[in-house]
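This is what each chain is made of:
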Amino acid sequence: SQASFEEDSQKEPAVGHWKTLMPSKGSKEEPETGCQDAGGADETQSTEQLNVSRLRSSSVEIREKGSEFLKEELHKAQKELKLKDKECERLSKVREQLEQELEELTASLFEEAHKMVREANTKQAASEKQLREARGKIDMLQAEVTALKTLVITSTPSSPNRELHPQLQSPSKTVFRKGHGRNKSTSSAMVSAASQNVAPEPVSHERKEVDSILFAEFQAWKESPTLDKSCSFLDRIYREDVGPCLDFTKQELSELVRVAVEQNTLTIEPVASQMLPVVKVSAEECGGPKKCALSGLPRTCKHRIMLGDSGNYYYISPSCRARITAVCNFFTYIRYIQQGLVRQDVELMYWEVMRLRREMSLAKLGFYPSEM
């Protein structure tokens, strides 16, 4: 195409010269017209060929340029398409990540909601249990107050109540006191008021001496009272008193009783004469009105126990009841000390603990009040 273009540029003056051969007005060269026409036809034919070749070369050039342009556009479109594909892929990943985070958030919210519901149910159950325990303690305290009032009312100068006057007991008869040291001052005050006009009777003084080792262990426990039996004070009492006192023939039931006493979930109630045994386990395990469930011996059972909220009742003999009651009294008193409800001198609290230990020892040996 470049050769054609140079060839056309070289022949450009001839074409211009042919254009100047046009006849002008008054020209004297008319006889040469025929020759010039023959030469002009040849030149016109060559010019047309040159024009055709030029057009062909131009069309080829345009086609090549158009092809290059289309290739460039196609390349650009492909690049843009790749960029859009990458952007779509990135947006898809972002969407998947957001969906996953949304699912995790929803799952965590549901889990948190279920956890809150479980905690609320647990707290409600614990509150209801504490309410039942509080009501049981209130009933127990009311019964103790009623019994104390009855004892005080029945004590007169002419016939004093021997429960309130231990010095009137015969030396061969041992009577257990009910309750703990918290009623001691009230009972003493009422007794003194009731017996102002009575001549003082001889009192058998009991000599006591503080054991330095036991007192030191109690003092160390009193500084930070706890129910953990790993401390030296409670460890000794468990080994010497609580363990032997709650060691019954039925070992498995004895362990359940010990745990219930420690957790303060044991209930003792009297058995009415017309009441039939209501149990959920075998009669051999629970005993009956004529058979003790702890010792397995044929005994008249006036009381029965329930361990926690199990709903199972176990009939117990008076001796077993005395042993369980002695241990319960001990644990009740040390719980009062732990809660700060006992406002006494350390030595007075120590002797009260020793008295409760003596009651456990006597109950273990088989001694119990006749009214049991």
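So, how was this worked out
- Residues numbered from 1 in each chain as written.
- Predicted model: local features only at pLDDT ≥ 70, side-chain atom pairs only at ≥ 80, totals over all residues.
- Heavy atoms only, no water.
- Core = buried A, V, L, I, M, F, W, Y, C linked by side-chain atoms within 4.5 Å.
- Buried < 20%, exposed > 50% of the residue type's maximum accessible area, 1.4 Å probe, protein only.
- Helix = DSSP H or I, 4+ residues; strand = E, 2+ residues; numbered from the N terminus.
- Contact = heavy atoms within 4.5 Å.
- Pairing = 2+ DSSP bridges.
- Axes fitted to C-alpha atoms, helices over the stretch in contact; angles between N-to-C directions.
- Parallel < 35°, antiparallel > 145°, perpendicular 65-115°, else oblique.
- Left-handed = near helix turned anticlockwise from the far one by under 90°.
- Nonpolar A, V, L, I, M, F, W, Y, C, P; charged D, E, K, R; others polar.
- Salt bridge = Lys/Arg side-chain N within 4 Å of Asp/Glu carboxyl O.
- pLDDT = per-residue confidence, 0-100.

Trainee: Residues and numbers for the nonpolar core, please.
Mentor: Soluble globular proteins tend to bury their nonpolar side chains together. V242, V257, L294, I324 and F330 are the most contacted members of the largest nonpolar core, which has 45 residues in total. For this core, the secondary-structure elements that each account for two or more residues are helix 5 (212–223), helix 6 (232–245), helix 7 (251–262), strand 2 (303–307), strand 3 (313–316), helix 9 (318–338) and helix 10 (346–364). For this core, the leading source of residues is helix 9, giving ten residues. Setting aside residues up to four positions removed in sequence, L294 forms contacts with F248, T249, K250, L253, S254, V257, I316, C320 and I324.

Trainee: Quick rundown of the pairing of strand 3? Include the residues and the values.
Mentor: Burial along strand 3 is two-sided: the face carrying Y313 and Y315 and the face carrying Y314 and I316 are both buried. By the bridge criterion, four bridges tie strand 2 to strand 3 in an arrangement that is antiparallel. Paired with M306 across the strands is Y313, a residue of strand 3. Counting the residues that bridge the hairpin from strand 2 to strand 3 gives five residues, and of these G308 lies at a positive phi of roughly 65 degrees.

Trainee: Go over the pairing of strand 2 with me, naming the residues and quoting the values.
Mentor: In terms of burial, strand 2 is largely enclosed, as five of its five residues are buried. Pairing between strand 1 (residues 266–270) and strand 2: five bridges, direction antiparallel. Note on strand 2: the bridge partner recorded for T267 is M306.

Trainee: How would you sum up the packing of helix 5 against helix 10? Please name residues and give values.
Mentor: At a minimum axis distance of 11 Å, the contact between helix 5 and helix 10 shows a crossing angle of 115 degrees. Overall, the two elements helix 5 and helix 10 adopt an arrangement that is roughly perpendicular. Between helix 5 and helix 10 lies a crossing whose hand is right-handed. For the pair formed by helix 5 and helix 10, the contact residues are L214, F215, F218, Q219 and K222 on the first element and V346, E347, M349, Y350, V353, M354 and R357 on the second. When its residues are assigned to classes, the contact of helix 5 with helix 10 shows eight nonpolar, one polar and three charged.

Trainee: Explain the pattern of salt bridges to me, using residue names and the numbers behind them.
Mentor: Scanning the entire structure with this criterion turns up 15 salt bridges. A salt bridge links R239 to D235; the shortest N-O distance between them is 3.1 Å. Within this pair, R239 and its partner D235 are both found in helix 6, separated by four residues, close to a single helical turn. On the basis of relative accessible area, D235 is assigned to the partly exposed category, the value being 32%. The closest approach of N and O atoms between E359 and R355, which form a salt bridge, is 2.5 Å.

Trainee: Explain the side chain of R357 to me, using residue names and the numbers behind them.
Mentor: Relative to the elements of secondary structure, R357 occurs in helix 10. On the accessibility criterion, R357 (10% relative accessible area) is buried.

Trainee: Talk me through the confidence of the model for the protein chain; I want residue IDs and the actual numbers.
Mentor: Within the protein chain, residue pLDDT values average 77, and 70% of them lie at 70 or more. Confidence, read as mean pLDDT per element, is least for helix 4 (residues 184–194) in the protein chain (36) and greatest for helix 6 (95). A low-confidence stretch, residues 9–31 (pLDDT under 50), is modelled with seven contacts involving residues beyond four sequence positions or located in other chains. The model gives residues 164–203 a pLDDT under 50, and that stretch makes 53 contacts with residues more than four places away or in other chains.

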